[in-house]
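What follows is the residue order along each chain.
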Amino acid sequence: MGDILNLAAGNLLSPIILSFALGLAAALARSDLSVPEAAAKALSLYLLFAIGFKGGAGVAAHGLDGTLLLALVAGLVLSAGLPFVAYALLRAMTRLGPVDAGAVAGHYGSISIVTFVAATSVLAGQGIPAEGFMVAVAAIMEAPAILAALWLVMRRGGQTEMESGIWREILLNGSIVLLLGAFAIGWITGPGGLAEIESFIVAPFKGVLCLFLLDMGLVAGRNLRDSRGVITPGLLAFGVLMPPIGALFGLAAGLALGLSLGGVVLMMTLAASASYIAVPAAMRVALPQANPSIYLTLSLGITFPFNLTLGIPLYLAAARLVTGG
Amino acid sequence: MQTHAAKRVEIIIEAPMERRLTEALHKAGVTGYTVLPVLGGTGRSGTWSREGQVGRAGGMVAVICLIRPDRLDGLLDAAFAVVERHIGVVSVTDCQVLRAERF
């Protein structure tokens, strides 16, 4: 227990979490501090490229086996299955109707790549290696949850606005293309390629992540500030209960696959995180009648900060306990 | 200077719907329009801001068309089919343009 508290305290006092807290506090205090849209976009492009490249280079360095394929299948099953768990919980714990519950559930099957990046940073800080291919698992977990959520809504008689273009947008959204593209480049060029650009994608990584999380804190704070009255106690409870539940599924999948301690933690983090980029955009198009304030506030204002501050240390401690690592 | 009567249609719509709207406008024969970013705003569906967004889901865009008055109904029918169930505002104002043959 003491180790868990030490880890949590260390995580809370790390530069990346304190940067997030600064953004959150500034937004809640109505400061005019802001990160321009183009700068936020550039920071996210850098992080996606760096994490994808390093993952690919890691796979090239350590070789590949059947675990990658199994991990991809596990990611796909988790992404498609978790919305059903989230939907059942939402219907039991809140007064959300089928459409809003379905829209929220879709977010909790999909993933937050920034939470994933933060978890890799925590692992790196602890000197815990992880499988490089977890980047590809993250990419594959983006979309299946959307399909599951729309099926849940349709099954309850809700209307969805599906058209062929939406799938191209989901599967080829910029984040996925850059993440997988950088992963492929890292894999092809290997450790030699990584050495060539190391000074750009390794050394500045944590500093850029700090700035990005400052922006995420601002966005989350503004979101919380502007959505008073939207989040009921039931929704709040769901926002902090669902991540550990998802993480348990991730833990089971990671153990079944025989992943390393770092890999298990990343699988737990992916299963625990909620999307706030790909899924909200898809829900805006396919489920226009769902209230965006609910799903954006839950994933960005509650679950993201929870995972960042308490969730990741908790998942690491649980994985250590179970794997004996 | 000779001016001509025209209609200015301004459609504020969720950013993820932009492509669908402009495609519908093209199909309806409206080939001239301008897309502008929206800095932020508030309405019955809540508040949005362009700042700090890493995805387009939280953003809005403005699509502005200037057309001859006799083509207004066709444009509005096409636009309404897309925006009917989505967050946004559609407004029409009278305006004057130079070079009427361009509209």
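Residues numbered from 1 in each chain as written. Chains lettered and ligands numbered in written order. Predicted model: local features only at pLDDT ≥ 70, side-chain atom pairs only at ≥ 80, totals over all residues. Heavy atoms only, no water.

## With respect to the pattern of salt bridges
Thought 1: Under the criterion given, the structure shown has five salt bridges over all chains.
Thought 2: Between Arg-284 of chain A and Glu-14 of chain B there is a salt bridge, with the nearest N and O atoms lying 3.2 Å from each other. With one member in each of two chains, Arg-284 of chain A in helix α14 (residues 278–286) and Glu-14 of chain B in strand β1 (residues 4–14) form a pair that bridges those chains.
Thought 3: The exposure class assigned to Arg-284 of chain A is buried, which follows from its relative accessible area of 8%.
Thought 4: Note on Glu-14 of chain B: relative accessible area 2%, which makes it buried.
Thought 5: Taking the shortest distance from any N to any O, the salt bridge between Arg-68 of chain B and Asp-70 of chain B comes out at 3.3 Å.
Thought 6: Taking the relative accessible area as the measure of exposure, Arg-68 of chain B reaches 38% and is therefore partly exposed.
Thought 7: Take Asp-70 of chain B: its relative accessible area is 59%, and that puts it in the exposed class. (Salt bridge = Lys/Arg side-chain N within 4 Å of Asp/Glu carboxyl O. Helix = DSSP H or I, 4+ residues; strand = E, 2+ residues; numbered from the N terminus. Buried < 20%, exposed > 50% of the residue type's maximum accessible area, 1.4 Å probe, protein only.)

## Comments concerning the sheet that holds strand β6 (residues 88–97) of chain B
Strand pairing in a sheet relies on backbone hydrogen bonds, with the paired strands running either antiparallel or parallel.
All names here are of chain B.
Thought 1: Taken together, the four strands give an open sheet; going across it, the order is β2-β5-β1-β6, and neighbouring strands pair in antiparallel fashion. Two strands lie at the open edges of the sheet, namely β2 (34–37) and β6, each paired on one side alone. For this sheet, the mean angle separating the axes of adjacent strands, direction not counted, is 20°.
Thought 2: Running over the sheet, helix α1 (residues 18–27) touches β1, β2 and β5 (60–67) and is turned about 15° from β5. (Pairing = 2+ DSSP bridges. Axes fitted to C-alpha atoms, helices over the stretch in contact; angles between N-to-C directions. Contact = heavy atoms within 4.5 Å.)

## Side note on empty space enclosed by the protein
All names here are of chain A.
Thought 1: The final tally for this structure, using the stated rule, is one cavity of 30 Å³ or more.
Thought 2: Put simply, the largest cavity is a space of about 60 Å³.
Thought 3: Along the walls of the largest cavity sit Ile-111, Ser-112, Ile-113, Glu-142, Ser-175, Ser-275, Tyr-276, Ile-277 and Ala-278, which together make up its complete lining.
Thought 4: Taken together, the residues of the lining of the largest cavity break down into five nonpolar, three polar and one charged. (1 Å grid on protein atoms, 1.4 Å probe; cavity = no way out; pocket = protein on both sides within 12 Å on 5 of 7 lines; lining within 4 Å. Points joined across faces, edges and corners; volume = space filled by probe spheres on them. Nonpolar A, V, L, I, M, F, W, Y, C, P; charged D, E, K, R; others polar.)

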